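# Chain and residue survey
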Amino acid sequence: MMQRSLVFLVLFCFSLLVRADLTIEITQGVDEPTPVAVVPFAWEGAQTLPEDVAQVVSDDLYTSGMFKMMPRDNMLSFPSDRNSLYFRDWRISGSDYIVIGRITEAADNQLSVAFELYDILKEERVLGEVVNASRTSLRAVGHYISDKVFEALTGVRGAFSTKIVYVTAEQPRPSVYRYRLMLADSDGHNPRTILESKEPIMSPAWSRDGSKLAYVSFETGRPSVYVQYLATGKREKVQSFRGINGAPAWSPDGNKLALVLSKDGNPEVYILDLIQRRLNRVTHHFGIDTEPSWSPDGQSLIFTSDRGGQPQIYSIYLPSRDITRLTFEGSYNARGRLTQDGRFLAMVNQSNGSFHIAVQDLKAGSMELLTETFMDESPTIAPNGSIIMYATQEGIRGVLAAVSLDGRVKFRLPSSSGDVREPAWSPFQ
């Protein structure tokens, strides 16, 4: 069963993909979203700015599914400072909060972006800050402001400034494929190619500091594990034994990679010390052990195994090598990923013949199915622990989708012309 499932998932991931940018579409938000107005930021410069910072902020907050954004056409005025802000007018409009700002030219061709968040009902300033920026970094500034506003209104750190990687491919002519490992903002904007190959690319994984990616490439004709440095583009092959070399996962300190190797005959979990180049076998079982992922403290690994007869998720405490089974609900649970506090376990759960994304509260022991689509896979968790992104099917095409940890917010990141797979969410940087 495990072997057939693994083969099926590999073939599914390697189906024909087409490169395309991603856009966010909200499919479900909270029942009573908080009304917020983001007013266009004032700008008095001679040249048109390349980005509408206020629109970036408004789009970010909207796509969280937690806020109801006021359309600009409904705004009676465009205040840019406290003196021009009349709270009574905005109370009548139904907004609870308002974001205002001003962009001015600074020295050395730089820009100064000042923003403020006000509680309209209390007529109080919640936060305010001035951010220096270049013209090319205005979109990043917008995401930064969104993070600050989101945290002020929800108490949860925003993750709009983070990145995602994903795998795409295209078929320029019959029997010829071109695979790409793509890097983009968390909202799908600014995509760029990290690696291009004629052979499949799989299992991208971020280092904890966000400076490196590990992934599996078939460019030599067989699977090999590579590490790539994002700042320089330098890459190196770190493992290429005969058979399976797959599923790399970075340790929290960035000095080790957990891997799945079949060099000794059966797929087992190993740890590669990248400093000493020493390989240490972790699991020893006739079953298939795969898909390792580290606990936040680096003391344990979780992994998928069919050692109990069907694929389930286990944990191994590395100092003692004690193994604990974590999942019991359902006949299939795989691809486990922990939130940064270690409390929640996201996974792929099979129910009634379909694969769904589920989350288990490891403290309470309860499991909840979060998705209802047909073929969900490859969950990856936002660094603030609020959203799970995953790959799924929409008709005959593959898309990325996301669901909040409580299941209340859902959105999709479809491409304009084809499939995308294998998402991985960056850490905070």
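Quick notes on the rules
Residues numbered from 1 in each chain as written. Predicted model: local features only at pLDDT ≥ 70, side-chain atom pairs only at ≥ 80, totals over all residues. Heavy atoms only, no water. Axes fitted to C-alpha atoms, helices over the stretch in contact; angles between N-to-C directions. Helix = DSSP H or I, 4+ residues; strand = E, 2+ residues; numbered from the N terminus. Parallel < 35°, antiparallel > 145°, perpendicular 65-115°, else oblique. Left-handed = near helix turned anticlockwise from the far one by under 90°. Contact = heavy atoms within 4.5 Å. Nonpolar A, V, L, I, M, F, W, Y, C, P; charged D, E, K, R; others polar. Pairing = 2+ DSSP bridges. Buried < 20%, exposed > 50% of the residue type's maximum accessible area, 1.4 Å probe, protein only. pLDDT = per-residue confidence, 0-100. Phe/Tyr/Trp six-rings, centres within 6.5 Å; stacked < 30°, edge-to-face > 60°. Salt bridge = Lys/Arg side-chain N within 4 Å of Asp/Glu carboxyl O. Polar contact = N/O pair within 3.5 Å; in protein donor to acceptor, adjacent residues only side chain to side chain.

## Considering the packing of helix H2 (residues 53-63) against helix H4 (residues 138-154)
Interhelical geometry of H2 versus H4 gives an angle of 45° and a closest axis separation of 8 Å. Taken together, the axes of H2 and H4 lie oblique to each other. Our pair here, H2 against H4, has a crossing hand that is right-handed. Contact with H2, carried on its side by Val53, Val56, Val57, Asp60 and Leu61, involves Leu138, Arg139, Gly142, His143, Ile145, Ser146, Val149 and Phe150 of H4 and no other residues of that element. Class assignment of the residues belonging to the contact of H2 with H4 gives a composition of eight nonpolar, three polar and two charged.

## Let's talk about the sheet that holds strand E22 (residues 322-325)
Read from one edge of the open sheet, four strands run E19-E20-E21-E22, paired in antiparallel fashion. The sheet terminates laterally at strand E19 (289-294) and E22, the two strands that pair on one side only. Each neighbouring strand pair of the sheet contributes to a mean axis angle of 30°, computed without reference to strand direction. Across four bridges, the pairing between strand E21 (residues 312-317) and E22 is antiparallel. The partner of Ile316 across the bridge, within E22, is Ile323.

## With respect to unusual backbone geometry
Although it is not a glycine, Arg321 adopts a positive phi angle of roughly 65°. Inspection of the secondary structure assignment puts Arg321 in the loop between E21 and E22. The partly exposed category is assigned to Arg321, whose relative accessible area is 33%. Here the phi dihedral of Arg335 falls at roughly 55°; this positive angle occurs in a residue that is not glycine. Along the chain, the position of Arg335 falls in strand E23 (residues 333-338). The class for Arg335 is buried, based on a relative accessible area of 15%.

## A closer look at the confidence of the model for the protein
Per-chain confidence: the protein averages 91 in pLDDT, with 95% of residues scoring 70 or above. Across residues 1-19, where pLDDT falls below 50, the model places 51 contacts with residues more than four positions away in sequence or in other chains.

## So, the pairing of strand E8 (residues 163-173)
In this structure, E8 lies alongside strand E9 (residues 176-185), joined through nine bridges in antiparallel fashion. Bridged to Ala169 within E9 is Tyr179. The hairpin formed by E8 and E9 contains two residues between the paired strands, and Ser175 there has a positive phi angle of roughly 70°. One ladder, built from three bridges, connects E8 with strand E31 (residues 421-425); its direction is antiparallel. Its bridge partner lying in E31, Ile164 is registered against Trp425.

## Focus: the packing of aromatic side chains
Summed over the entire model, instances satisfying the criterion amount to seven aromatic pairs. Judged by centre distance (6.1 Å) and plane angle (15°), the rings of Tyr215 and Tyr226 are stacked. One end of the pair, Tyr215, is in strand E12 (residues 212-217); the other, Tyr226, is in strand E13 (residues 224-229), and eleven residues separate them in sequence. Tyr226 carries the same exposure label as Tyr215, and that label is buried. Between Tyr332 and Phe355 the ring centres are 5.1 Å apart and the planes differ by 80°, which places this aromatic pair in the edge-to-face class. In this pair, Tyr332 is assigned in the loop between E22 and E23 and Phe355 in strand E25 (residues 354-361), connecting sequence segments 23 residues apart.

## Re the pattern of salt bridges
Applying the stated criterion to the full structure yields 23 salt bridges. Two residues, Glu25 and Arg412, come together in a salt bridge whose shortest N-O distance is 2.5 Å. In this pair, Glu25 sits in strand E1 (residues 25-28) while Arg412 sits in strand E30 (residues 410-413), placing the two residues 387 residues apart along the sequence. We classify Glu25 as partly exposed; its relative accessible area is 33%. Judged by relative accessible area, which is 26%, Arg412 ranks as partly exposed. Note that Arg139 and Glu51 form a salt bridge whose closest N and O atoms lie 3.3 Å from each other. Note that Arg139 is positioned in helix H4 and Glu51 in the loop between strand E3 (42-43) and H2, a separation of 88 residues in sequence.

## A look at the environment of Gln28
With respect to the helices and strands, the residue Gln28 is situated in strand E1. A relative accessible area of 32% places Gln28 in the partly exposed class. Separated by 382 residues in sequence, Gln28 and Lys410 have C-alpha atoms that sit 4.8 Å apart. If sequence neighbours within four positions are ignored, Gln28 has contacts with Gly407, Arg408, Val409 and Lys410. Separated by 3.1 Å, the side chain of Gln28 and the backbone oxygen of Arg408 make a polar contact.

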